[in-house]
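Structural overview
In case you want the letters, here they are:
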Amino acid sequence: MKLLTLNFVQCATRDCAGRQDAFPLAPQNVQLAAQETDLDPDFMANILAKIDWPGLETSLNQLGRPLTFTKEQVEQDQNLLKELHSILIETTIQEGELVCPRCSHIYHVKDGIASFLLPPHLV
Ligand SMILES: [Zn+2]
């Protein structure tokens, strides 16, 4: 899964669904990979408008790759947009765990795919 996905998912258990403090899921024991893709400036501008920036900062800090620029800087600098593309779109989580900051439920990532299926008692 692309790192971007971390910004658009949250814990889905009955107790956490819809709660802001169940976001973002914290990556743990992750194996990252890089997958080169073409930069689509319009797509990235669209993403930039929708992204939860504080959530992104939290996720990247948890990954040990803190951001070195602000959202405002990206909006004015095409090179930073490219760097953000590299972080969000080209960087993927191949294996690992995503941990809910609220209930500590663990979602597993295998072969680059996160499973958000829940056992029946948590739905
Ligand atoms: Zn949760």
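Residues numbered from 1 in each chain as written. Predicted model: local features only at pLDDT ≥ 70, side-chain atom pairs only at ≥ 80, totals over all residues.

As recorded in an unreviewed UniProt entry, the protein chain goes by Trm112p-domain-containing protein and comes from Tortispora caseinolytica NRRL Y-17796. The record held by UniProt for the protein chain lists under Sequence similarities (unreviewed entry) the comment "Belongs to the TRM112 family." (UniProt positions renumbered as here; feature names shortened; annotations may be inferred.)

**Here's the deal with the pairing of strand β3 (residues 106–110)**
Note that strand β2 (residues 91–99) and β3 share 4 bridges and pair antiparallel. Considered in β3, the bridge of G96 is made with V109. Hairpin connection between β2 and β3: a loop of 6 residues separates the two successive antiparallel strands, and S104 in this loop has a positive phi of roughly 65°. Strand direction decides the pairing type here: β3 and strand β4 (residues 113–114), joined by 2 bridges, are antiparallel. (Pairing = 2+ DSSP bridges. Helix = DSSP H or I, 4+ residues; strand = E, 2+ residues; numbered from the N terminus.)

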